[in-house]
Amino acid sequence: MPPKLCQLCNETRAVLKRPKTGQHICRECFYYVFETEIHNTIMEANLFSPGDRVAIGASGGKDSTVLAYVMKVLNERYNYGLDLHLLSIDEGIRGYRDDSLETVKRNQQQYDMPLKILSYEELYGWSMDRIVEQVGRKNNCTFCGVFRRQALDRGAANIGVDHILTGHNADDIAETVLMNIMRGDIARLGRCTLITTQGEDTIKRSKPFKYVYEKEIVMYAYFKKLDYFSTECIYSPDAYRGHARTFLKDLEASRPSAIIDIIHSGEAFEVRQEVKAKAKAQTTCKRCGYMSSNELCKACSLLEGLERGMGGLAVVRGRCRGLDVAEMKQKDR
Amino acid sequence: MSCEDPSSARMIRSPKHLQKGTCIKCKTSKGKITIRHAVYCKECFFSFIRLKFRRGLEPYINADPLSSRTKLKASGNLTLALSGGMGSVALLDLIYSTYLTDTSPVGRMHRQKIWPQVYIVFVDLSAVYPEKDEMRDLGTQIQSLKQRYPEVEMISARIESVFDRDWWTSTGGSNVDSSSVDLKDSDLPFSSSLLHDDPVASFQKYLSSLPTSTSITASIDLFIRAILVHLASWTRSSHLLMGTSLTSLSVGLINCVSQGGGYHVHEEQEEVLDGIRIIRPLRDTSAKEVAYYAWWSGLDVPGRQRPTTLSGIKEQTRAFIFGLDRHYPSTVSAITKTCAKVEAKSSSEIVAQQCRLCRRPIQDGIDAWKHRIAIRERSATLEENPHFEASSSSLGRHLCYPCHTTLSSPNSRTSMATSNTILNLPVWTSLTPRSSSLVSNSDPISAPIPQAIEEFLLPAE
């Protein structure tokens, strides 16, 4: 049987079947469509202005490694004029994060980008290992997720960048849409498909891989032989998200377009005005100045619970050991 | 335990949710059923179900929602969709016992009928599985249901009728010329030529040409809905009732979202088509409650014609949601509550076009969006013109996102067939559109292939 020709260029032998479209394509065409689609996403959302200082949230995993690589390629190819940085958060998970940070350090050399590493220990006085020691493995993902979000903002403020890019891919977003519908989280459902989010006091945050399939990221990293860390976190994954993820994988197996179809659905609807009107107004945390819908932000509440030895209970009293975002911005100025 | 006399039998209790005690409502009788951690006796359970049913229907009966609720009067007849499943049989019983008998409190109150005539419509799916005898038997069982409800009139239609112009016009449809479409091209070019006139052949060709089993299920659902609305219009009905339970509605909503139908989440819950209001009065009643109602009422449930061989998105969603319903019932109701709080994004002030297949509104800019996020051709024009628009002779531009995906989205294992992709379209689609150096140079193949992408890599020569 003659080899299949690439369905895009009709010249070269196809080496892969594209998960997103089902087309048989060659390696060069795969690079072309992968990079051009990300560029299209960036241009459509008008993500950058020349001279922007942009931090890439780097964990050493496949998504952030490919993101750093592709951003460097696109920045040079299309003259975005960006000043790119790597920003890593050390959650303090021995045997996992310390190894992945070594990958990030190698990426720094390979991509020639400045790297900043911030740890939970220095920001909050707690490492994830110590948190798990106290709260167990059941809810530790809640702590990690809340702390990381703030840590990235604080790190970005620390190095004076205007914009953080994260490696969230299409699978992550589709999964979040399903999860927010299932748990009735209207506020998050309304914003989870936005490519860029920004609170009053927070730094702009974007997801250039919004329409990129996880499988294609793995393929790209594989063909380009990128150096990434592929071990899963040693602490148990988020059970609720795991539930949605398994379901999504089943849907994708039935019809590969399911991932993009779910994102399209999430983009096609919005929260009704009367529901929005009833939602709690966004304010700032009285302790650390971070955006919050309560007196204390989620991170400060969780920290308070930890300091009082109450595990996962978010107690709304006490002292915040986190750095003040406003204070850090002041220092930068 | 006897299968003949339901009153002598008891359903096996779930040890997890079994709660001893008296009924939460009357506080005197012994509890027989636990619903979301509340125990009810049999009598209170029935009044609870009837209350929810009436709450889900009566506010929508009068044409003017502001008119007084004390006098219920519909502007036309009533059509009830009967699939043979638990929900539709229970709904028929509730309608009959609440509004059509003089013995019921509401029946006495409304001596003048709310609807002049009540019809039940059964869509025969035997053409989907011509080899299965039980599909044919279901029609007979459905006919026998009518004996229990003498005041309702029954109409039966075959699913392949959607390709039958004679049937369509004889049941009040406009005289139309059918057309065909070529699925090979993702823009879906269509022509007015008809391949053949036999409805069964057209129907079977249509199903067999679809790219995925998800598309087959979605098309069958779409055809059933089209027949129901068409017959409701023919019978001059103002209301079309579906027996969708809370659990089934959650399945429908997640299925709709998973197939890109976020723009139609509202229509999935309630919609008005050709002046007919489509209502799901059991949307607050879980599948478990519907099952208990049918069981304790001694209803004869023939069972739905549900495809067992297909494993598309709807079947997977169904398995997932029914699993959740067993262990996390509040998650199932959270899905419907969440979806009730969202609406289609209004991107422009132009009146939305109707999809030629499902007749739901088409969102603006779908072509451009699809071409931007997934490049399917390597031509300069795509980069130069990201705001792509399909040709005017393509069906693609007259379809909503889910219908376009149904006809064009390929399977993960097989590509779209390269021949035999021209098929007839259902009769109503031909009507005029309605307004409404970082990299190593070594060969990557020598490196171990990550498991996640293994099946997508083509073998070397």
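Residues numbered from 1 in each chain as written. Chains lettered and ligands numbered in written order. Predicted model: local features only at pLDDT ≥ 70, side-chain atom pairs only at ≥ 80, totals over all residues. Heavy atoms only, no water.

Under an unreviewed UniProt entry, the name given to chain B is Cytoplasmic tRNA 2-thiolation protein 2, and the organism recorded is Sistotremastrum niveocremeum HHB9708. The UniProt entry for chain B carries the following text under Pathway (unreviewed entry): "tRNA modification; 5-methoxycarbonylmethyl-2-thiouridine-tRNA biosynthesis." According to the UniProt record, the Sequence similarities (unreviewed entry) comment for chain B reads "Belongs to the CTU2/NCS2 family." (UniProt positions renumbered as here; feature names shortened; annotations may be inferred.)

Chain A appears in an unreviewed UniProt entry as Cytoplasmic tRNA 2-thiolation protein 1 from Sistotremastrum suecicum HHB10207 ss-3. According to UniProt, the comment filed for chain A under the heading Pathway (unreviewed entry) is "tRNA modification; 5-methoxycarbonylmethyl-2-thiouridine-tRNA biosynthesis." Quoted straight from UniProt, the Sequence similarities (unreviewed entry) entry for chain A says "Belongs to the TtcA family. CTU1/NCS6/ATPBD3 subfamily."

A.B. asks: I'm lost on the domain arrangement of chain A in this one. Help?
C.D. replies: Where interface size is given, it is often the accessible area lost as the parts come together that is meant. Residues and elements named next belong to chain A. Taken domain by domain, chain A holds domain 1 (1-40) and domain 2 (45-279). Here the C-alpha centre of domain 2 lies 27 Å away from the C-alpha centre of domain 1. At the junction of the two partners, domain 1 supplies 14 residues and domain 2 supplies 21 residues. For the pair domain 1 and domain 2, the summed buried surface comes to about 1,700 Å²; carbon and sulfur atoms form 68% of the total. Among the salt bridges present, the one from Arg 18 reaches Glu 216, with a minimum N-O distance of 3.0 Å. If you look at where domain 1 meets domain 2, you find seven residue pairs in polar contact (both at pLDDT 80 or more). Going through the elements one at a time, β1 (16-17) and α1 (27-44) are the ones with two or more residues in the side of domain 1 that touches domain 2. Considering every element that reaches the side of domain 1 that touches domain 2, the biggest residue donor is α1, with eight residues. Of the residues that constitute the side of domain 1 that touches domain 2, the class distribution is seven nonpolar, two polar and five charged. (Domains from an automatic or database assignment. Contact = heavy atoms within 4.5 Å. Buried area = accessible area lost by both parts, 1.4 Å probe. Salt bridge = Lys/Arg side-chain N within 4 Å of Asp/Glu carboxyl O. Polar contact = N/O pair within 3.5 Å; in protein donor to acceptor, adjacent residues only side chain to side chain. Helix = DSSP H or I, 4+ residues; strand = E, 2+ residues; numbered from the N terminus. Nonpolar A, V, L, I, M, F, W, Y, C, P; charged D, E, K, R; others polar.)

A.B. asks: For this particular structure, what's the right way to read the UniProt feature "binding site: ATP" (unreviewed entry) in chain A?
C.D. replies: Residue and element names in this part refer to chain A. Residues annotated in UniProt with the feature "binding site: ATP" (unreviewed entry) correspond here to Gly 57, Ala 58, Ser 59, Asp 63, Ile 89, Gly 167 and Asp 172. Judged by its relative accessible area of 28%, Ser 59 is partly exposed. Setting aside residues no more than four positions away along its own chain, Ser 59 makes contact with Ser 64, Arg 97, Ser 100 and Val 104. A distance of 3.2 Å separates the side chain of Ser 59 from the backbone nitrogen of Gly 61, its partner in a polar contact. Its relative accessible area of 16% is what places Asp 63 among the buried residues. Setting aside residues no more than four positions away along its own chain, Asp 63 makes contact with Gly 167, Asn 169, Phe 209 and Ile 217. (Buried < 20%, exposed > 50% of the residue type's maximum accessible area, 1.4 Å probe, protein only.)

A.B. asks: It is not clear to me how the pattern of salt bridges should be interpreted in this structure. Could you clarify?
C.D. replies: Side chains carrying opposite charge are able to pair once their charged atoms draw close together. This structure, assessed with the given rule, holds 34 salt bridges over all chains. A:Glu175 is the partner of A:Arg245 in a salt bridge, and the nearest nitrogen-oxygen pair spans 2.3 Å. Separated by 70 residues along the polypeptide, A:Arg245 in helix α10 (residues 239-254) and A:Glu175 in helix α7 (residues 170-182) bring together distant segments of the chain. Here B:Glu271 makes a salt bridge to B:Arg225, at a shortest N to O gap of 3.2 Å. Here B:Arg225 lies in helix α7 (residues 213-234) and B:Glu271 lies in strand β9 (residues 271-273), a separation of 46 residues in the sequence. Using a relative accessible area of 14% as the deciding quantity, one classes B:Arg225 as buried. Shared partners join several salt bridges into a network, and the residues in it are A:Lys62, A:Asp63, A:Asp171, A:Asp172, A:Glu175, A:Glu214, A:Lys215, A:Arg245, A:Lys249 and A:Glu252.

A.B. asks: Teacher, can you tell me more about the sheet that holds strand β7 (residues 190-191) of chain B here?
C.D. replies: Backbone hydrogen bonds are what pair the strands of a sheet, in a parallel or an antiparallel way. Residues and elements named next belong to chain B. The strand order across the open sheet built from three strands is β7-β6-β12, with neighbouring strands paired in antiparallel fashion. Sheet topology places β7 and β12 (422-424) at the edges, where each strand pairs with a single neighbour. Pairing of strand β6 (residues 180-182) with β12, which is carried by three bridges, proceeds in the antiparallel orientation. Counted as the bridge partner of Ser 180 is Asn 424 from β12. (Pairing = 2+ DSSP bridges.)

A.B. asks: Got a minute to help me understand the side chain of A:Asp129 in this structure?
C.D. replies: Mapped onto the elements of the fold, A:Asp129 is located in helix α5 (residues 128-135). Within the buried set, A:Asp129 has no salt-bridge partner at all; the shortest N-O distance to an opposite charge, 4.4 Å, is to A:Arg94. (Lys, Arg positive; Asp, Glu negative; His and termini not counted.)

A.B. asks: Where do I start with the environment of B:Arg318 in this structure?
C.D. replies: Residue and element names in this part refer to chain B. Along the polypeptide, Arg 318 turns up in helix α11 (residues 313-327). On the basis of relative accessibility, which here comes to 25%, the residue Arg 318 falls in the partly exposed class. Along the backbone, Arg 318 and Ser 333 are 15 residues apart, and their C-alpha atoms lie at a distance of 14 Å.

A.B. asks: Please clarify how the packing of aromatic side chains should be interpreted in this entry.
C.D. replies: To describe a pair of aromatic rings, one takes the distance between the centres and the angle between the planes. In total, this model carries 35 aromatic pairs over all chains according to the counting rule given. When the centroid spacing of 6.0 Å and the interplanar angle of 50° are considered together, the rings of B:Phe53 and B:Tyr99 count as tilted. Remark: B:Tyr99 occurs in helix α2 (residues 86-100) and B:Phe53 occurs in helix α1 (residues 42-57); sequence separation between them is 46 residues. Note on B:Tyr99: relative accessible area 8%, which makes it buried. Taken together, the ring pairs connect A:Phe30, A:Tyr31, A:Phe34, A:Tyr69, A:Tyr111, A:Phe209, A:Tyr220, A:Tyr222 and A:Phe223 into an aromatic cluster. A cation sits over an aromatic face here: B:Arg318 above B:Phe322, 4.4 Å from the ring centre. Above the plane of the ring of B:Tyr401 lies B:Lys370, whose end atom (NZ or CZ) is 4.6 Å from the centre. (Phe/Tyr/Trp six-rings, centres within 6.5 Å; stacked < 30°, edge-to-face > 60°. Lys NZ or Arg CZ within 6 Å of the ring centre and 35° of its normal.)

A.B. asks: What's the story with the nonpolar core in this structure? I'm lost.
C.D. replies: Across soluble globular proteins, nonpolar side chains show a tendency to be buried alongside one another. Within the largest apolar cluster, 94 residues are counted, with the highest numbers of intra-cluster contacts made by A:Ile181, B:Ile159, B:Tyr206, B:Phe223 and B:Leu407. Ranked by residues supplied to this core, first place goes to α7(B) with eleven residues. Setting aside residues no more than four positions away along its own chain, B:Phe223 makes contact with B:Ile159, B:Val162, B:Phe163, B:Phe203, B:Tyr206, B:Pro426 and B:Trp428. In terms of nonpolar packing, the next biggest core, distinct from the first, is built from 52 residues, A:Cys9, A:Phe30, A:Val33 and A:Val104 among them. (Core = buried A, V, L, I, M, F, W, Y, C linked by side-chain atoms within 4.5 Å.)

A.B. asks: What exactly am I supposed to notice about the interface of chain B and chain A here?
C.D. replies: Chain B puts 75 residues into the contact, and the matching count from chain A is 69 residues. A buried area of about 6,500 Å², summed over both sides, lies between chain B and chain A, and 61% of it is on carbon and sulfur atoms. Inspection of the region where chain B meets chain A yields two salt bridges. In this structure, B:Arg372 engages A:Glu44 in a salt bridge whose closest nitrogen and oxygen atoms are separated by 3.7 Å. For the side of chain B that touches chain A, the elements supplying multiple residues, two or more each, are α7, α8 (246-258), α9 (265-269), α11, α12 (329-340), β11 (342-344), α13 (366-373) and α15 (401-408) of chain B. Broken down by element, the side of chain B that touches chain A gets its largest block of residues, six residues, from α12(B). Among the residues forming the side of chain B that touches chain A, the class breakdown is 36 nonpolar, 28 polar and eleven charged. Bridge analysis of strand β9 (residues 269-271) of chain A against β11(B) gives three bridges, and the strand direction is antiparallel. If you follow A:Glu270 over to β11(B), its bridge partner there is B:Glu343.

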